[in-house]
Amino acid sequence: MLSLRSIEKSYPLAGGQLPVLKGIDLIIEQGEMVAIMGSSGSGKSTLLNVLGLLDNFDAGSYHLDEVDMSELSERQSARYRSRFLGFVFQSFNLIAFKSALENVALPLFYQKIPRRERQKRALAMLERMGIADRAHHLPSELSGGQKQRVAMARALITTPRVILADEPTGALDSVTSNEVMDVLREVNSTGITVIIVTHEADIAARCDRTIRLKDGRIIEDGNSKVVIEPTAHGYTPDAS
Amino acid sequence: MRAFDPDRLIELVQVIVRNPMRAFLSSLGVGWGLFMIIITVGSARGLENGVRADMGNDVANSMFMWAQSTSKPYKGFQRGRSLELNLADVAWLEENTQHLDLVVPEIQLGGYRGSNNVTRAAHTGAFDVHGVDENYPQVNPFRITRGRFLNPGDLNAQRKVCVIGNRVETVLFDKGEDPLGEMIQIQGVLFRVVGVYKPKGTGEDAENAAESIYIPFTTFGKAFQTGDRVEWLSVLIRPNVDAAEAEQATKDLLLLRLNAHPEDKRAIGGWSMAEEFQQVESVFGAMRLVSLLFGALALLAGVIGITNIMLISIKERTKELGIRRSLGATPRRIIQQILGETLFLTILAGLCGMVLGVGLLELLDSFIEDGGDAGVFRHPEIDLKTVLNVLIILLGMALLAGILPTLRALSIRPVVALRSEG
Ligand SMILES: Nc1ncnc2c1ncn2[C@@H]1O[C@H](COP(=O)(O)OP(=O)(O)OP(=O)(O)O)[C@@H](O)[C@H]1O
Ligand SMILES: [Mg+2]
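The rules behind the values
Residues numbered from 1 in each chain as written. Chains lettered and ligands numbered in written order. Predicted model: local features only at pLDDT ≥ 70, side-chain atom pairs only at ≥ 80, totals over all residues. Heavy atoms only, no water. Helix = DSSP H or I, 4+ residues; strand = E, 2+ residues; numbered from the N terminus. Buried < 20%, exposed > 50% of the residue type's maximum accessible area, 1.4 Å probe, protein only. Contact = heavy atoms within 4.5 Å. Areas by Shrake-Rupley, 256 points an atom, 1.4 Å probe, with all protein chains shown as cover. Salt bridge = Lys/Arg side-chain N within 4 Å of Asp/Glu carboxyl O. Core = buried A, V, L, I, M, F, W, Y, C linked by side-chain atoms within 4.5 Å. Pairing = 2+ DSSP bridges. Axes fitted to C-alpha atoms, helices over the stretch in contact; angles between N-to-C directions. Buried area = accessible area lost by both parts, 1.4 Å probe. Polar contact = N/O pair within 3.5 Å; in protein donor to acceptor, adjacent residues only side chain to side chain. Nonpolar A, V, L, I, M, F, W, Y, C, P; charged D, E, K, R; others polar. Patch = residues over 30% accessible without salt bridge, like charges linked within 9 Å, V, L, I, M, F, W, Y side chains within 5 Å. Lys, Arg positive; Asp, Glu negative; His and termini not counted. Charge placed at Lys NZ, Arg CZ, Asp CG, Glu CD. Near = heavy atom within 4 Å.

**Concerning the overall build of chain A**
Right, so step 1: When helices and strands are counted, chain A shows eight helices and ten strands.
Right, so step 2: Taken over 240 residues, chain A has a buried fraction of 52%.
Right, so step 3: When contacts within chain A are restricted to residue pairs at least 6 apart in sequence, those whose partners lie at least 24 apart make up 68%.
Right, so step 4: Of the roughly 10,300 Å² of accessible surface on chain A, a fraction of 50% belongs to carbon and sulfur atoms.

**Focus: the pattern of salt bridges**
Residue and element names in this part refer to chain B.
Right, so step 1: Summed over the entire model, instances satisfying the criterion amount to 29 salt bridges over all chains.
Right, so step 2: Arg 120 is the partner of Glu 182 in a salt bridge, and the nearest nitrogen-oxygen pair spans 3.8 Å. On the criterion of sequence distance, the pair formed by Glu 182 in the loop between α6 (166-172) and β9 (183-186) and Arg 120 in strand β4 (residues 118-120) is long-range, its members being 62 residues apart.
Right, so step 3: Judged by its relative accessible area of 31%, Glu 182 falls in the partly exposed class.
Right, so step 4: In this structure, Lys 251 and Glu 247 form a salt bridge, with 3.5 Å as the shortest nitrogen-oxygen distance. Taken together, the residues span about one helical turn, with Lys 251 and Glu 247 both in helix α9 (residues 243-257) at a distance of four residues. Comparing Lys 251 with Glu 247, the two get one shared label, buried.

**Re the nonpolar core**
Right, so step 1: In this structure, Tyr 62 and Ile 195 of chain A are the most contacted members of the largest nonpolar core, which totals 66 residues.
Right, so step 2: For this core, the element with the most residues is helix α2 (residues 20-54) of chain B, which contributes eight residues.
Right, so step 3: With sequence-adjacent residues up to four places away left out, Tyr 62 of chain A is seen in contact with Leu 2, Ser 3, Leu 4, Ile 7, Val 50, Leu 51, Leu 53, Phe 57, Val 67, Asp 68, Met 69 and Ser 70 of chain A.
Right, so step 4: Counting residues in hydrophobic clusters, the runner-up holds 46 residues, among them Leu 109, Ile 186, Phe 217 and Ile 268 of chain B.

**Section: the sheet that holds strand β3 (residues 33-38) of chain A**
Residue and element names in this part refer to chain A.
Right, so step 1: The strand order across the open sheet built from six strands is β6-β7-β8-β3-β9-β10, with neighbouring strands paired in mixed fashion. Bordering the open sheet on either side are β6 (85-89) and β10 (217-223), each of which pairs with just one other strand. Mean inter-strand twist for the sheet, computed between neighbouring axes without regard to direction, equals 15°.
Right, so step 2: Note that β3 and strand β9 (residues 209-214) share five bridges and pair parallel. Within β9, the position partnered with Gly 38 by the bridge is Leu 213.
Right, so step 3: Running at roughly 170° to β6, helix α5 (residues 144-156) makes contact with β6 and β7 (162-166) of the sheet.

**Notes on the environment of Ala 243 of chain B**
Residues and elements named next belong to chain B.
Right, so step 1: With respect to the element layout, Ala 243 can be found in helix α9.
Right, so step 2: Counting along the chain gives 35 residues from Ala 243 to Gln 278, while the straight-line C-alpha distance between them is 9.4 Å.
Right, so step 3: Apart from the residues lying within four places of it in its own chain, the contact partners of Ala 243 are Met 63, Ile 237, Ser 272, Ala 274 and Glu 275.

**Concerning the sheet that holds strand β1 (residues 2-13) of chain A**
Residues and elements named next belong to chain A.
Right, so step 1: One open sheet accounts for four strands, arranged β2-β1-β4-β5; its pairing is antiparallel. With one partner strand each, in any of the chains shown, β2 (16-28) and β5 (67-68) form the two edges of the open sheet.
Right, so step 2: Two elements, strand β4 (residues 59-64) and β5, share two bridges in a ladder whose sense is antiparallel. When the bridges of β5 are listed, Leu 64 appears paired with Val 67.

**Digging into the interface of chain A and chain B**
Right, so step 1: Across the boundary between the two partners, chain A contributes 29 residues, which contact 27 residues of chain B.
Right, so step 2: Carbon and sulfur atoms make up 56% of the surface buried where chain A meets chain B, a total of about 2,600 Å² over both sides.
Right, so step 3: Of all residues in chain A, Phe 97, Phe 109 and Tyr 110 of chain A bury the most surface against chain B, accounting for 27% of the area lost on that side.
Right, so step 4: Our count for the chain A to chain B interface comes out at four salt bridges.
Right, so step 5: Here Asp 7 of chain B ties to Arg 118 of chain A by a salt bridge, and the two come within 2.7 Å at their closest N and O atoms.
Right, so step 6: Between chain A and chain B we count nine residue pairs in polar contact (both at pLDDT 80 or more) in total.
Right, so step 7: Those elements that place two or more of their residues in the side of chain A that touches chain B are α2 (74-84), β6, α3 (100-110) and α4 (115-128) of chain A.
Right, so step 8: Sorting elements by how many residues they give to the side of chain A that touches chain B places α2 of chain A first, with six residues.
Right, so step 9: Taken together, the residues of the side of chain A that touches chain B sort by class into 13 nonpolar, five polar and eleven charged.

**Structural notes on a negative patch on the surface**
Right, so step 1: A cluster of acidic side chains, namely Asp 242, Glu 245, Glu 275 and Glu 276 of chain B, defines a negative patch on the protein surface.
Right, so step 2: With respect to the helices and strands, the residue Glu 276 of chain B is situated in helix α10 (residues 273-316).

**Regarding α2 of chain A**
Right, so step 1: For α2 of chain A, the set of buried residues is Ser 77, Ala 78, Tyr 80, Arg 81 and Ser 82 of chain A.
Right, so step 2: Taken together, the buried residues of α2 of chain A touch β4, β5 and β6 of chain A together with α11 (318-326) and α14 (414-419) of chain B.

**Considering the pairing of β2 of chain A**
All names here are of chain A.
Right, so step 1: Judged from the ten bridges that link them, β1 and β2 form a sheet pairing that is antiparallel. Paired with Lys 9 across the bridge in β2 is Leu 21.
Right, so step 2: Once β1 ends, the chain turns through two residues before running back antiparallel as β2, passing Gly 15 with a positive phi of about 75°.

**What about a nonpolar patch on the surface?**
Right, so step 1: Among the surface-exposed residues, Val 290, Phe 294, Leu 297, Leu 300, Ile 304, Leu 400, Ile 403 and Leu 407 of chain B lie close enough to one another that they form a single nonpolar patch of about 760 Å² accessible area.
Right, so step 2: Broken down by element, the residue count for the nonpolar patch peaks at five residues, all from α10 of chain B.

**Considerations on the site of ligand 1**
Right, so step 1: The immediate surroundings of ligand 1 are formed by 14 residues, with Ser 40, Lys 44, Ser 45 and Thr 46 of chain A together with Arg 419 of chain B found nearest.
Right, so step 2: This site is not confined to one chain, since residues near ligand 1 come from chains A and B.
Right, so step 3: Residue Ser 40 of chain A places a side-chain N or O atom 2.5 Å away from an oxygen atom belonging to ligand 1.
Right, so step 4: Measuring from an oxygen atom of ligand 1, one finds a side-chain N or O atom of Thr 46 of chain A at 2.5 Å.
Right, so step 5: Relative to its unbound accessible area of 630 Å², ligand 1 is 66% covered by the protein chains.
Right, so step 6: Breaking the shell around ligand 1 down by element, the ones donating at least two residues are β2 and α1 (44-51) of chain A.
Right, so step 7: Across the shell around ligand 1, the residue classes break down as three nonpolar, eight polar and three charged.

Shown next as structure tokens:
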């Protein structure tokens, strides 16, 4: 369970502070599939980075499975990222000089798992993503959809509790986007919490719950069908 | 201990493979520094070996003294009185000295490049003829290649025997002829050859030293009418006694013995090998220091180069580092990676420089060997201890080179690293 209480965060700016998160209260239960929506600059990525322990916050509290995350050292954060969290990014963030297989195996390298087992598990994961035949290709030799599959394989290889995806379909066409969402749904069905930041109503519609941010505040939170229903609010999901 | 993970090495190799030109350029400085150190230290050693070989037949704690003329009037004597030493003075000095282990009287005939003074059958030559006692080889060591050196019996009985240098042998004897037991004529007096010696060391000095003939001091006095006159003393300074101090004390004793003014600086002449050695030693010490210093400077420049390249590399790879941290890399793993890369590059470069340097020295050495006489430069070499020391310095420098880049890599927060381009 992820639990945020009154989270505040601002970025230092020339001549002052830019408040980005202005008191976020949020509870996400284990196994939920959640979309975070909101206009550009509303603080979606910032929120996701806080959830992923990639960034710190100024005030409030964050508990992951009842453990306070606000006082973690960098080493402890790294441990949590390694054991509990998996990331998927819009720009894939694969390491360019490593093959698909090496990229997928990397998180296990940091868990000090022996090389042979790393390779075995990475290959199995690529197989599950349906791209085992591309195991020895470099990222530059893969299509966008294939890259995102490699990235998802890498995020899943440690069997994390939570997958955090920042616009995972942002760089993909609609068919490929749907395939990525198929994978994430399948992942979610195994009990892994999935949190997706997205601009697209179609993507949010495939999540169970949608949270809408505006100017660093949660303005809506509920069943995706209700929250993203345009007519009910008089605006299109992507505008404002 | 956990088994070694091959990926740790693979990661390091990937760094080089990914940008070989940069790896090469950044390593060049350190490689060059190590190369320089090896070459300069090795050459300094070569020069040292050459000079040492020339000094090879000299004993480090030996000293030579002779009587001259007084420069001060004393006890009714006029200044300018010419002083002489004899065997009684030698015995007295040996009895009264606190600084010397050995005093050998010496007298010489047929000075440097004199006229022919030695003949045997149809052979004739010009050689130095020395009257000495049986202890002489302690002051001026050489190898007895055949027969023996003079012994106390020769001196007591004033035997007409001689020990000749190997060059004397070649001049006076035919090839294959055995000189032992043969008679040679020195200024008309017949002497029996009892031994042949070969000087230690190489070079011009050693060659000259091979052209001497040694006969008993007592026989010399009788045969050439010099009585017990001693031309000069060759002495050995006791171990751990300062050479300059021993020289002054001995001079004081001799002045006293010869009734010369105690402050007379010119009455006794002296020459100390020990001081000579000390001077040469300090010159080489300085040379070693300077060559190490320049090498270290070159190395430092190399290290700064590597630090610089690593900093650039980290800037370029900020994104990659961010990704690694998002995947669970702890700060310690980041430290291991950056420090590992720097160490790997530095040490690889350093080893290349060292191998090239040692290789060049070996090449030079074999070249000199083949060329025969190399003058004062021979056996340029570097010993294992120096190599190990240099390796330790290299390791230290590599760590130094890694500190800044590592700190830089750690200071970038994961979120910032992920957001960066590249
Ligand atoms: N490192 C930073 N320094 C200063 N300001 C920042 C920084 N990162 C984000 N911001 C600002 O914080 C606000 C929220 O940024 P954030 O990336 O969370 O928005 P977002 O909702 O993800 O937008 P988008 O949909 O465009 O990705 C923006 O106004 C942005 O300019
Ligand atoms: Mg964003």
